[in-house]
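# Residue-level structural notes
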Amino acid sequence: MRHHTAQLDGADLHYVSAGTAGSPILLVHGFPETWWAFHKVIPLLASTHRVFAVDLRGFGDSSTAADDHDSATAAEDLHRLIEHLGVGPVHVTGQDISGGTVFRLAATHPEDVRSVTAIEMGLAGFGLEGLADITHGGSWHIGALAAPGIPELLFAGRERELLGRWAFPSMTAVAGSITDADVDEFARTYARPDGWRGAVGLYRSMLAEGDELRALAEAGPLTMPVLAVGAGGGPFTAATVGQVTTGEITVVQLDGVGHYVAMEAPDELSAAILDFVRVVDEAVRVAQSGT
């Protein structure tokens, strides 16, 4: 795996690349993650594909985000990154809170996207906001991240404890899949100055962009093939993407796996992605050759 920094308009995006041949796969992390969430998956995919795993703006070793950061900005960052790499269209894989970003990219720049893989992913306007309702089983952290000044007040300086004692243990089902070294790597970048701003921007988007995402889906639903991977969230991901696409949906459910699929079940996830993109690539080849 090789590390790079793409100097784009308004941000420097850190990404990791691997593989030298095959159709390109772009991996987009969620929260509380960085590109490192895919470090077990990347070698498995890179045996037959060019693989790129990005730190979204405000996460990892990419530029910190501005106070008004949102999923629309993050989607444009991905569009510019794909242009910078010169590898489009790509198989885009997104998980968790990156859902709004990945959906916006596919809806507004369909020429960039050959397929979409959604892992444990929801969308504002299609039920995701319910996860902020703590009276019906939602999580407290969503409101805390979206409240101005609260992340800096409560989380700064406590990154290791927050991730290691709450975030990962509370949503992991496979014992030992997330190590102390993994938590240290994630905490390292959240602990930098303004290290929470990327997450803050995406969670604020989640609570505000429902009407806009519904309008996007109504005006131009996704037409490319979609793979929906559910694990701890059950059928939530498949039910979500089913509302925003007219294309073919492949559904994979990984039982016994928690929320952090790429780290808990890298072999199973990689196999599902490889099977899916192989079918998509073959369909593209046939369509282009006319045979």
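Being a predicted model, the structure only gives us computed values, none of them experimental. The residue count restarts for each chain, going from 1 along the sequence in the order it is written. In view of the model being predicted, local features appear only for residues whose pLDDT reaches at least 70, and side-chain atom pairs are presented and counted only at 80 or more, with totals across whole chains, interfaces and linings using the full set of residues. Heavy atoms throughout the structure, all of them, feed into the side-chain values; hydrogens and water do not.

### Remarks on the UniProt feature "domain: AB hydrolase-1" (unreviewed entry) in the chain
Rule in force here: UniProt positions are given in the numbering used here, feature names are shortened, and annotations may be inferred rather than shown by experiment. To qualify as a helix, a DSSP run of H or I must reach at least 4 residues; to qualify as a strand, a run of E must reach at least 2; elements of each kind are numbered from the N terminus.
Under the local residue numbering, the UniProt record ascribes the feature "domain: AB hydrolase-1" (unreviewed entry) to residues 24–120. Across residues 24–120 one finds 31% helix and 26% strand; the C-alpha atoms that close the span lie 22 Å apart.

### A few points about the layout of surface pockets
Applicable threshold: Both site types are read off a 1 Å grid over the protein atoms alone. A 1.4 Å probe that fits but cannot get out defines a cavity, while an open set with protein on both sides within 12 Å along at least five of seven lines defines a pocket; lining residues have an atom within 4 Å of a point. Grid points are joined across faces, edges and corners, and a volume is the space filled by probe spheres set on the points. In this classification, the charged set is Asp, Glu, Lys and Arg, the nonpolar set is Ala, Val, Leu, Ile, Met, Phe, Trp, Tyr, Cys and Pro, and all remaining amino acids, among them Gly, are polar.
Computed from the structure, the largest pocket encloses a volume of approximately 500 Å³. The wall of the largest pocket is formed by 27 residues, among which D96, E120, L131, M171 and H259 lie closest to the centre. By residue class, the composition of the lining of the largest pocket is 13 nonpolar, twelve polar and two charged. As a volume, the second largest pocket reaches approximately 190 Å³. Along its surface, the second largest pocket is lined by 14 residues, and E248, T250, F276, V279 and V280 are the ones closest to its centre. Mapped onto the lining of the second largest pocket, the elements with two or more residues apiece are strand 8 (249–253) and helix 12 (266–289). For the lining of the second largest pocket, the element with the highest residue contribution is helix 12, accounting for eight residues. Class assignment of the residues belonging to the lining of the second largest pocket gives a composition of ten nonpolar, one polar and three charged.

### Some thoughts on the sheet that holds strand 3 (residues 24–28)
Condition: Each pair of strands is called paired provided DSSP finds at least two bridges between the two strands. To define axes, lines are fitted to C-alpha atoms, for helices over the stretch in contact only, and angles between the resulting N-to-C directions are given on a 0 to 180 degree scale.
Within the open sheet, the eight strands sit side by side as 1-2-4-3-5-6-7-8. Their pairing is mixed. The open sheet terminates on both sides in strands that have one partner only, identified here as strand 1 (2–8) and strand 8. Strand-to-strand twist of the sheet, defined as the mean angle between neighbouring strand axes without regard to direction, takes the value 20 degrees. When strand 7 (residues 226–230) meets strand 8, the two strands line up parallel, connected through five bridges. By the bridge assignment, G230 is partnered in strand 8 with Q253.

### Here we look at the packing of aromatic side chains
This is how it is decided: Centres within 6.5 Å are what make two rings of Phe, Tyr or Trp a pair, Trp counting through its six-membered ring; a difference in plane orientation under 30 degrees is then read as stacked, over 60 as edge-to-face, and the rest as tilted. Burial here depends on accessible area, computed with a 1.4 Å probe over protein chains only, as a share of the maximum for the residue type. Under 20% is buried, over 50% is exposed, and the range in between is partly exposed.
Enumeration according to the criterion identifies twelve aromatic pairs in this entry. When the centroid spacing of 5.4 Å and the interplanar angle of 85 degrees are considered together, the rings of W35 and W36 count as edge-to-face. By relative accessible area, W35 is classed as buried at 5%. Their ring planes at 70 degrees and their centres at 6.0 Å tell us that W140 and F155 sit as a pair that is edge-to-face. Remark: F155 occurs in the loop between helix 5 (150–154) and helix 6 (159–170) and W140 occurs in helix 4 (residues 140–146); sequence separation between them is 15 residues. Among the aromatic residues, those joined into a ring-pair cluster are F31, F59, W140, F155, W166, Y190, W196 and Y203.

### Focus on the pairing of strand 3
Regular strands place side chains that alternate from one sheet face to the opposite one. Among the five residues that make up strand 3, five are buried, leaving the element largely enclosed by the rest of the structure. Both strand 3 and strand 4 (residues 50–54) contribute to a ladder of five bridges, which runs parallel. Across the sheet, P24 pairs through a bridge with R50, a residue of strand 4. Sheet topology note: the strand 3/strand 5 (residues 90–96) ladder contains four bridges and is parallel. Looking at strand 5, one finds that L26 is bridged to V92.

### Concerning the pattern of salt bridges
Any two side chains of opposite charge can pair if their charged atoms end up close together. Going by this rule: Salt bridges, as used here, are contacts in which a Lys or Arg side-chain nitrogen is within 4 Å of a carboxyl oxygen on Asp or Glu.
For the structure shown, the criterion picks out 14 salt bridges. In this structure, R104 engages E209 in a salt bridge whose closest nitrogen and oxygen atoms are separated by 2.9 Å. You can see R104 sitting in helix 3 (residues 99–108) and its partner E209 sitting in the loop between helix 8 (197–206) and helix 9 (210–219), a full 105 residues away along the chain. For E209, a relative accessible area of 7% translates into the label buried.

### Concerning the side chain of T189
To keep it simple, the criterion reads: Contacts: residue pairs with any heavy atoms within 4.5 Å of one another.
You can see T189 is positioned in helix 7 (residues 180–190). When neighbours within four sequence positions are excluded, T189 is seen to be in contact with T34, G60, D61 and G195.

### Looking at the environment of T246
With respect to the helices and strands, the residue T246 is situated in the loop between helix 10 (236–241) and strand 8. Here T246 falls in the exposed class, since its relative accessible area comes to 59%. Look past the residues within four positions of T246 in its chain and what remains in contact with it is P221, L222 and T223.

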